[in-house]
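What the coordinates show
Here's the letter readout for the chains.
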Amino acid sequence: MQRRNLMKLAAATGGAALAGPALAACTASGASDGKLLLWTHTAGNDAELGVTDQIIKAFNDGQDTYTAERESFPQDAYNDTVNAAALSGDLPDLLTVDGPNVANWAWAGHLQPLDVPAEITDEFLPTTLGIFQDRLYSVGHWEAACSIFARESVLEAARVRIPTMDEPWSREEFDEALERIAADTGHRWALDLSTADIGEWYPYAFSPFLQSFGGDLLDRSTYLSAEGALNGPEALAWGQWFQGLFTGGFANPESPIGAEEFLQGDAAMTFMGNWGALQAMEQFDDVLFLPPPDLGAGPKIGGGSWQWALTSTADAKGGNAWMETALSDEFVAEFANQTGLIPATNGAAELTEHYGPDGDLRMMMDYSRSYAVLRPETPAYAVIASVFTQYAGDLIHGGDVQETLDAAVAEIDADIEANSGYGF
Amino acid sequence: MTAATMKSRTPARRRWLYAPMTLLAAFFLFPIVFMLAASLKTDHQIFADMDSLKAFLPVGDVSFANYAAVFERVPFWRFLANSVLVTACVTGLGLVVNSMCGYALARMRWRGRAVVFGFIIATLILPFDTTIVPMVYLVANLPWIGFEGLRPVLEIGWLNTYHVQIIPFIVNAFAIFLFAQYFSSLPKGLEEAAAMDGAGWLRTYWRIIVPLSKPVFATVLILTIVTSPATWNAYLWPLMTVQSEELRPVMVGVQYFFQLDTDWGEVMAYISMITIPMVAVFIAFQRSFIRSIASAGMKD
């Protein structure tokens, strides 16, 4: 392999100079006899790559019809790479796909439905299954869950009740907690929302607050319009409340990503994903992971993360066989152990350090099961996410709430209309 | 005003001039100094220093651990070699091809020359981002002669190769324009004298024109390295056309560091490492660079 690439390097140098002779053999990807090519978004993440390699080894050792190989890509550039490969007819056999993109890629014809036994997939958290128009397209090894990270000592100092799943903070209690913390604890900010993390963080983290108010990103009864859902009275109430967090001085409109304000001690609490939990536990010995507040329609958090899917050009038999190997509790647990994320099955949870019955992050599984709301399972989500990110940013920086939400609705509806409803 | 008073005022005037210049230089240096300082710190230290001048100083919890971690996260030398190779090929071959093209357009008389020149210049108004999708489709379907052992085989598609990163970017309309403009300003008598001595077009170009045109070659060399989407800063194109990790350039490697829990110290260490070659090139060609930017009228 190494020699072949050196040959390519030499050939490229000489070949380009002579503008004619071959530089190197073109490495074709995509389906080929007996070979399964896998693409992952985890380049640079040794922990996840290590588990993927374990699965590949187990699969290759367990049968001799197929040989799986992987290629990894950096996450921030991954979607562009996949779309370019789809354009050029160069998709691999299996690939990872972010949950909210499943509908779009399935609608675009990049994916084919999975044929994995229901007794396997029934064990998985509902939000780890990528379903579009009643067909299963992807399954994830893990899930993430957001919660409110806070320090017990800080809440006690501010005389704030510690919420539970049975009795989460109401909106009034949460607002009062922010005021008390801001007044009594000396923190620069009461709540860290990592607003600099512009991108998927905005719809993933902030739209559940909207849903907790009773609004939504889209009217899910039709999937054809955001009218009423994103600019109705509930959404307006959310927008005013959300904006008030910043204009009221409780949250920094320019807070760095990764809950750094909380970790630095500048913020008393943060709304953060469980991937930051282990670091917070290292930093503070009294950190709590609290359920999100009930803002009227029940506590909500975002659901749906990275999953495995078969491309439309894949060898279906080989691809589904790989999926069956990959979805064993052993590997689901290994992903959780390596990344700190939530294992997708109860069986795997028993095998993990943090998510077993007495695990210190067990509550994250409960939050995921009880509160997770999938981002709208529609091909329009890519545009919805972009629009929501833009206009939520406008709200953070003081834009008129009703005008901002109306503008967001207009853009989303125009896109859906331009795409003839995306098949709905 | 006497000569004595002029002498006494000049240093003072210089001081007034140097003061804002130093301030401006410091302003532009701040990001680089911050990058180098942060590359030695832990994330905790970086954010703790953010509100003070300590952000620009290697103080607190500092070490070279981030640099060591870079080599664990990315195949750094491989990425660096790929970028050096692609940059060298695109700029080197570009100088030859574009200068010859510019010469043909500026000094040779042939039917349709003005139309071709106009067409080449017209392509400058198209941003690269708008043509990238059809370009991907095009290169994915281009033929190529590869080898299986010593046997040549016809292949379809350039994706995932070195040549897809090099060949589409050798021809550069702006470089052709610069060459053509410069060659037009050279006296025609030189070529006429060469023709009388029996020199053909190629020999005239190589023996007469090229030695007289070193400034424009330096200009194009530097501008290609700095502004081409396929040289040191290549990101979008390799992202869309190269799938194998072993063929990726340094800029794509930056994305390896952005994970759910990004380690900013490592990001800064990696960026420092890939900036150093460019700083070295800049220092080596500083004079030519400034002249080239001025002559090209670009503030890119």
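Note that the coordinates shown come from a computational prediction; the quantities given were computed from them, not determined experimentally. (Residues numbered from 1 in each chain as written. Chains lettered and ligands numbered in written order. Predicted model: local features only at pLDDT ≥ 70, side-chain atom pairs only at ≥ 80, totals over all residues.)

**Quick word on the overall build of chain A**
When helices and strands are tallied, chain A shows 17 helices and 15 strands. Against the globule reference of 22 Å for 424 residues, chain A gives a C-alpha radius of gyration of 23 Å, in line with a compact fold. On the principal axes, the C-alpha backbone points of chain A span a range of 70 × 50 × 50 Å. Taking all 424 residues of chain A together, the buried fraction comes to 53%. Across chain A, every contact between residues at least 6 apart in sequence was considered, and the portion connecting residues at least 24 apart equals 74%. (Helix = DSSP H or I, 4+ residues; strand = E, 2+ residues; numbered from the N terminus. Rg over C-alpha atoms; globule rule 2.2 N^0.38 Å. Buried ≥ 20, exposed ≤ 12 C-beta atoms within 10 Å, placed from the backbone. Contact = placed C-beta atoms within 7 Å.)

**Quick look at the packing of helix α9 (residues 233–247) of chain A against helix α17 (residues 401–418) of chain A**
Residues and elements named next belong to chain A. Where α9 meets α17, the axes come as close as 9 Å, and the angle between the chain directions of the two elements is 120°. Classified by the angle between their axes, α9 and α17 sit oblique to one another. Considering how the two elements wind past one another, α9 and α17 form a crossing that is right-handed. For the pair formed by α9 and α17, the contact residues are Ala 235, Leu 236, Gly 239, Gln 240 and Gln 243 on the first element and Val 401, Gln 402, Thr 404 and Leu 405 on the second. For the contact of α9 with α17, the per-class residue count stands at four nonpolar, five polar and no charged. (Axes fitted to C-alpha atoms, helices over the stretch in contact; angles between N-to-C directions. Parallel < 35°, antiparallel > 145°, perpendicular 65-115°, else oblique. Left-handed = near helix turned anticlockwise from the far one by under 90°. Nonpolar A, V, L, I, M, F, W, Y, C, P; charged D, E, K, R; others polar.)

**What to know about the sheet that holds strand β9 (residues 189–192) of chain A**
Residues and elements named next belong to chain A. Read from one edge of the open sheet, four strands run β9-β10-β8-β11, paired in mixed fashion. Sheet topology places β9 and β11 (287–290) at the edges, where each strand pairs with a single neighbour. Strand after strand, the sheet turns through a mean of 20° between neighbouring axes, direction not considered. As defined by bridge partners, strand β8 (residues 146–151) adjoins strand β10 (residues 267–273) across five bridges and the pair is classed as antiparallel. (Pairing = 2+ DSSP bridges.)

**Focus on the packing of helix α4 (residues 76–107) of chain B against helix α11 (residues 214–227) of chain B**
Residue and element names in this part refer to chain B. Interaxial distance between α4 and α11 falls to 10 Å at its minimum, and their mutual angle equals 140°. Taken together, the axes of α4 and α11 lie oblique to each other. Considering how the two elements wind past one another, α4 and α11 form a crossing that is right-handed. Counted together, Thr 87, Val 90, Thr 91, Gly 94, Leu 95, Asn 98 and Ser 99 of α4 and Phe 217, Val 220, Leu 221, Thr 224 and Ile 225 of α11 form the full contact between these two elements. Residues belonging to the contact of α4 with α11 are distributed by class as follows: six nonpolar, six polar and no charged.

**Quick word on the UniProt feature "transmembrane region" (unreviewed entry) in chain B**
Residue and element names in this part refer to chain B. The positions UniProt marks with the feature "transmembrane region" (unreviewed entry) are residues 16–40, 79–103, 115–140, 160–180, 216–237 and 267–285. Each end of residues 216–237 is marked by a C-alpha atom, and these two atoms are 27 Å apart; helix forms 64% of the span and strand 0%. Taken end to end, residues 267–285 is 95% helix and 0% strand, and its first and last C-alpha atoms sit 27 Å apart. (UniProt positions renumbered as here; feature names shortened; annotations may be inferred.)

**Points about the interface of chain B and chain A**
Contacts between the two partners involve 41 residues from chain B and, on the opposite side, 37 residues from chain A. Contributions of two or more residues to the side of chain B that touches chain A are made by α2 (43–48), α4, α6 (128–140), β1 (143–148), β2 (151–156), α7 (163–166) and α12 (236–241) of chain B. Residues of the side of chain B that touches chain A, tallied by class, amount to 26 nonpolar, 10 polar and five charged.

**Things to note about the pairing of strand β1 (residues 35–40) of chain A**
All names here are of chain A. With respect to burial, β1 is a largely interior element, five of its six residues being buried. Two elements, β1 and strand β2 (residues 67–72), share six bridges in a ladder whose sense is parallel. Counterpart to Lys 35 in the pairing with β2 is Thr 67. As a crossover connection, the stretch from β1 through helix α2 (residues 46–62) into β2 is right-handed. By the bridge criterion, two bridges tie β1 to strand β3 (residues 94–98) in an arrangement that is parallel. Paired with Leu 38 across the bridge in β3 is Leu 94. (Right-handed = clockwise from strand over helix to strand, strands pointing away.)

**Some words on unusual backbone geometry**
Residue and element names in this part refer to chain A. For Arg 159, which is not glycine, the phi dihedral falls at a positive 55°. Position of Arg 159 relative to the elements: it lies in the loop between α6 (152–157) and α7 (171–184). Overall, Arg 159 belongs to the exposed group, with 10 C-beta atoms counted inside 10 Å. Located in the positive-phi region is Tyr 223, a residue other than glycine, with phi close to 60°. Looking at the secondary structure, you find Tyr 223 in the loop between α8 (201–213) and α9. With 20 C-beta atoms packed within 10 Å, Tyr 223 lands in the buried category.

**A closer look at the confidence of the model for chain B**
Scored by pLDDT, chain B has a mean of 88; 93% of the residues are at 70 or more. When mean pLDDT is compared element by element in chain B, α7(B) scores highest at 96, while helix α15 (residues 286–296) of chain B scores lowest at 67. (pLDDT = per-residue confidence, 0-100.)

**Topic: the domain arrangement of chain A**
Residue and element names in this part refer to chain A. Parsing chain A into structural domains produces domain 1 (32–144 + 304–374) and domain 2 (146–300 + 380–423). On a C-alpha basis, the centroid separation for the pair domain 1 and domain 2 is 28 Å. The partner domain 2 presents 19 residues to the 17 residues of domain 1 that form the contact. For the side of domain 1 that touches domain 2, the element with the highest residue contribution is helix α15 (residues 362–371), accounting for six residues. Partitioned by chemical class, the residues of the side of domain 1 that touches domain 2 number 12 nonpolar, four polar and one charged. (Domains from an automatic or database assignment.)

**Examining the UniProt feature "domain: ABC transmembrane type-1" (unreviewed entry) in chain B**
The positions UniProt marks with the feature "domain: ABC transmembrane type-1" (unreviewed entry) are residues 80–285 of chain B. For residues 80–285 of chain B, the end-to-end C-alpha separation is 21 Å, with 65% helix and 6% strand making up the annotated structure.

**Looking at the environment of Thr67(A)**
Residues and elements named next belong to chain A. The topology assignment puts Thr 67 in strand β2. Thr 67 gets classed as partly exposed once you count the C-beta atoms within 10 Å, which come to 16. Setting aside residues no more than four positions away along its own chain, Thr 67 makes contact with Gly 34, Lys 35, Leu 36 and Asn 60.

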